[in-house]
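Chains, contacts and geometry: an overview
Single-letter residue listing:
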Amino acid sequence: MPSSTTDTAAGTPPPPMGRRERKKAATRKAIADAALRLFLERGYDEVGIREIADAADVSTTTLFKHFPVKEALVFDEDADQEARLLAAVRERPEGRSIPAALREHALTMRLATADNDPRFTAFTDLVAGTPALRDYSQNMWLRHTAALAQVIAEESGLATGDPACTALAHFALEAPRAAAGHDDPRQAITRAFDILEYGWNALPRPSA
């Protein structure tokens, strides 16, 4: 996935990688870049795995070590995405509710437009126009439900496994789907999060 101006994660920068890690990261990036270039040139369904491996100058075995399925070639930042998602809750400004923090994350990270970046626009068009990629993208986000629910519980003083936390996490991750097909995606997402905000605020809290 091409970088956008919203891709910088909050918090302390990670420690420098060792030589082996740098080599693995470079190989992974070369594969992902080659795949995206071919997908944008010819369409996702028209490009085979062997073509991508050849373009990246690696074997298909090496490709599958980094990307177990074809769809993953388009989304190479899954772990970073989860870190930013959890940071949106943990590091929200004082006075901002958890649903409001998740709404802001959805609007800035999942509805990013990367103004004046034609490559990013082409990427979003590729995903939007390819059913397999749309489904994979949404399922990728939903894999973070348990981790997000855990952080919501910690930040709210609720018990781990509280179904309200799991429900908020699930529906917050599903909410951006509400933007699909709307003339104003930002308004659609905001309206979806209004429901989560009101429901969360009305939830009975455990007594001290």
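Preceding block: the structure.
Heads up: these notes are all about the structure in this document.

About the criteria used
- Residues numbered from 1 in each chain as written.
- Predicted model: local features only at pLDDT ≥ 70, side-chain atom pairs only at ≥ 80, totals over all residues.
- Heavy atoms only, no water.
- Helix = DSSP H or I, 4+ residues; strand = E, 2+ residues; numbered from the N terminus.
- Buried < 20%, exposed > 50% of the residue type's maximum accessible area, 1.4 Å probe, protein only.
- Contact = heavy atoms within 4.5 Å.
- Areas by Shrake-Rupley, 256 points an atom, 1.4 Å probe, with all protein chains shown as cover.
- Axes fitted to C-alpha atoms, helices over the stretch in contact; angles between N-to-C directions.
- Parallel < 35°, antiparallel > 145°, perpendicular 65-115°, else oblique.
- Left-handed = near helix turned anticlockwise from the far one by under 90°.
- Nonpolar A, V, L, I, M, F, W, Y, C, P; charged D, E, K, R; others polar.
- Expected span 1.5 Å × (residues − 1).
- Core = buried A, V, L, I, M, F, W, Y, C linked by side-chain atoms within 4.5 Å.

1. As for the overall build of the protein chain
- Counting secondary structure elements, the protein chain contains 10 helices and 0 strands.
- Residues classed as buried in the protein chain amount to 40% of the 208 residues present.
- Restricting to contacts in the protein chain with at least 6 residues of sequence separation, those with at least 24 account for 69%.
- Here the protein chain has roughly 11,900 Å² of accessible surface; of this, 52% comes from carbon and sulfur atoms.

2. Structural notes on the packing of helix H1 (residues 19-42) against helix H2 (residues 49-56)
- H2 packs onto H1 with a crossing angle of 125° between their chain directions and a minimal axis gap of 8 Å. Between H1 and H2, the angle is such that the two are oblique. Crossing geometry of H1 relative to H2 is assigned as right-handed. Between H1 and H2, the residues in contact are Ala30, Ile31, Ala34, Ala35, Arg37, Leu38, Phe39 and Arg42 and Glu51, Ile52, Ala55 and Ala56, respectively.
- Each residue belonging to the contact of H1 with H2 can be placed in one class, and the counts come to 9 nonpolar, no polar and 3 charged.

3. Looking at unusual backbone geometry
- Notably, aspartate 57 is not glycine yet its phi reads approximately 60°, a positive angle.
- By the secondary structure assignment, aspartate 57 is in the loop between H2 and helix H3 (60-66).
- Of the residues examined, aspartate 57 reaches a relative accessible area of 70% and is grouped as exposed.

4. Quick word on the environment of threonine 190
- Topologically, threonine 190 is positioned in helix H10 (residues 185-201).
- Taking the C-alpha atoms as reference, threonine 190 lies 6.9 Å from arginine 103; in sequence the two are 87 residues apart.
- Those residues in contact with threonine 190, other than ones at most four positions away along the chain, are Arg103 and Leu107.

5. Quick look at H1
- The end-to-end C-alpha separation of H1 is 35 Å, in line with the 34 Å expected for 24 residues at 1.5 Å each.
- Looking at H1, one finds that the buried residues are Ile31, Ala32, Ala34, Ala35, Leu36, Leu38 and Phe39.
- Of the residues trailing H1, glycine 43 is marked for its positive phi of about 100°.

6. Regarding the side chain of glutamine 138
- The topology assignment puts glutamine 138 in helix H7 (residues 131-142).
- Each residue touching glutamine 138, except ones within four places of it in the same chain, is listed here: Arg110, Leu173, Glu174 and Arg177.

7. Describing the nonpolar core
- Ranked by internal contacts, the top residues of the largest apolar core, which has 54 residues, are Phe39, Ile52, Leu73, Leu102, Leu148 and Ile152.
- With 7 residues, H1 is the largest single contributor of residues to this core.
- Among all residues touching leucine 73, those that are not within four sequence positions of it are Ile31, Ala32, Ala35, Phe39, Ile49, Ile52, Leu63 and Phe67.

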